[in-house]
Amino acid sequence: MEPGQVAIVGSGLIGRSWAMVFAAGGFKVKLYDVAQQQLTSALESIRKQMKELEKSGFLKGALSVEQQLALISVCTDLKAAVEGATFIQECTPENLELKKKIFSQLDLMVGDNAILSSSTSCLLPSKLFTGLKHVKQCIVSHPVNPPYYVPLVEIVPHPETDPSTTERTYALMKKIGQSPVKLNKEIEGFVLNRLQYAVISEAWRLVGEGVVSPADLDLVMSDGLGMRYAFIGPLETMHLNAEGISNYCERYREGMRLVLNTFGPVPEFSGEAEQKISQAMSEKIPVVPKVLDARREWRDECLAGLSKLKKQMKSD
Ligand code: NAI
């Protein structure tokens, strides 16, 4: 797909981040929202973030801040927003009825070439797109927050999505510097959240049962597992931690199964464990907008630095 025009529907947290990613890739971006105030604040925050990124050397793409900003325009007319767009990324609130309504409007506006893509975190393509005239052109492109710093995008087709839609979306994501993965079929939670929930679930049980403190539990990830997972996944970890996968299974199969059989049922995520974890987290990071925002900014700086390091260390 040649650099062209994309439309972003919904200019909240994710919509504005997508706008920055596409502008960095040289695409003209039309940002649409029902709320003018959201668009105004989106433009302000994009400008501010780009300036800061430029200062710290983390601005993406070959264009200057002003050139990237010039590629982004805003509008409150959906038809005008999608006119001429070859790719439309929907980023409205996670509400099935709302998203279905928006996709049925878009279905009437687009031709046979544009791709209709959703940022949804957990709504299945079969729930979102079934019955649309342009279902072959529909797909989920699930980003990770914040997409500007965390490049992974899960591409999840509807059973009737044309393979060329999947391929074009994959190629587009590569082109703008994201890291796409393709799911061959839809599944609740896609892949990222299934892995994330498996980790959260065991973290919750370990703290809830008093095995480890909330602070130490988080350290196990940030100073332990997470260090290697930023570079290699769990399967490659197995491969490298023995003489290949088969040797790993031979050595650790029994031990793994023994431990896994002691995992408890799905936690309720309420009651005593919730209070304990909430208290510990709130002592470390009080739930006050200014404090939370400062911590999020620090997290994003860390992620930007990590992404630079990953580029330097790239081995494939
Ligand atoms: P948000 O609440 O920050 O933004 C939603 C935006 O949609 C707001 O600007 C709102 O004014 C606008 N909107 C509401 N109704 C609309 C309509 N009819 N037409 C156009 N715009 C409309 O939400 P956020 O966090 O940006 O999430 C957007 C999508 O991205 C959701 O589907 C969410 O599941 C997904 N997502 C969110 C992630 C996150 O961590 N926040 C991560 C990955 C995906």
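Residues numbered from 1 in each chain as written. Predicted model: local features only at pLDDT ≥ 70, side-chain atom pairs only at ≥ 80, totals over all residues. Heavy atoms only, no water.

The local shell around the ligand holds 23 residues, among which Asp33, Gln38, Glu94, Lys99 and Ser121 are the closest. Within the backbone of threonine 92, a nitrogen or oxygen atom sits 3.3 Å from an oxygen atom of the ligand. Contacts to the ligand include glutamate 94, whose side-chain N or O atom sits 2.5 Å from an oxygen atom. Every element with two or more residues in the shell around the ligand is listed here: α1 (13-24), α5 (96-109) and β6 (138-143). Ranked by residues supplied to the shell around the ligand, first place goes to α5 with three residues. When grouped by side-chain class, the residues that make up the shell around the ligand number 10 nonpolar, 10 polar and three charged. (Near = heavy atom within 4 Å. Polar contact = N/O pair within 3.5 Å; in protein donor to acceptor, adjacent residues only side chain to side chain. Helix = DSSP H or I, 4+ residues; strand = E, 2+ residues; numbered from the N terminus. Nonpolar A, V, L, I, M, F, W, Y, C, P; charged D, E, K, R; others polar.)

Further remarks concern the pairing of strand β2 (residues 28-32). Two strands pair when backbone bridges link them, and strand β1 (residues 5-9) and β2 are joined in this way by five bridges, in the parallel orientation. Residue pairing across strands places valine 6 opposite valine 29, the latter belonging to β2. Between the parallel elements β1 and β2, the chain passes through α1 in a crossover that is right-handed. Here four bridges tie β2 to strand β3 (residues 72-75), and the two strands are oriented parallel to one another. In the sheet register, tyrosine 32 faces β3, and the bridge partner there is cysteine 75. (Pairing = 2+ DSSP bridges. Right-handed = clockwise from strand over helix to strand, strands pointing away.)

For the rest of this paragraph, the subject is the layout of surface pockets. Estimates place the volume of the second largest pocket at around 740 Å³. Gln49, Glu52, Tyr149, Glu297 and Asp300 are the residues nearest the centre of the second largest pocket, which is lined by 22 residues in total. The set of elements that each furnish at least two residues to the lining of the second largest pocket consists of α1, α2 (36-56) and α13 (289-313). Top contributing element to the lining of the second largest pocket by residue count: α13, with seven residues. When grouped by side-chain class, the residues that make up the lining of the second largest pocket number eight nonpolar, five polar and nine charged. (1 Å grid on protein atoms, 1.4 Å probe; cavity = no way out; pocket = protein on both sides within 12 Å on 5 of 7 lines; lining within 4 Å. Points joined across faces, edges and corners; volume = space filled by probe spheres on them.)

Counting buried residues in β1 gives five out of five residues, a clear majority hidden from the surface. By the alternation rule, side chains of β1 split into Gln5, Ala7 and Val9 and Val6 and Ile8, which are all buried. As judged from the four bridges shared by β1 and strand β4 (residues 87-90), these two strands associate in the parallel manner. Residue pairing across strands places valine 9 opposite glutamate 90, the latter belonging to β4. (Buried < 20%, exposed > 50% of the residue type's maximum accessible area, 1.4 Å probe, protein only.)

For the rest of this paragraph, the subject is the domain arrangement of the protein chain. How big an interface is tends to be reported as the loss of accessible area on association of its parts. Domain boundaries assigned for the protein chain yield domain 1 (5-182) and domain 2 (192-284). Once you take the C-alpha centre of each, domain 1 and domain 2 turn out to be 32 Å apart. (Domains from an automatic or database assignment.)

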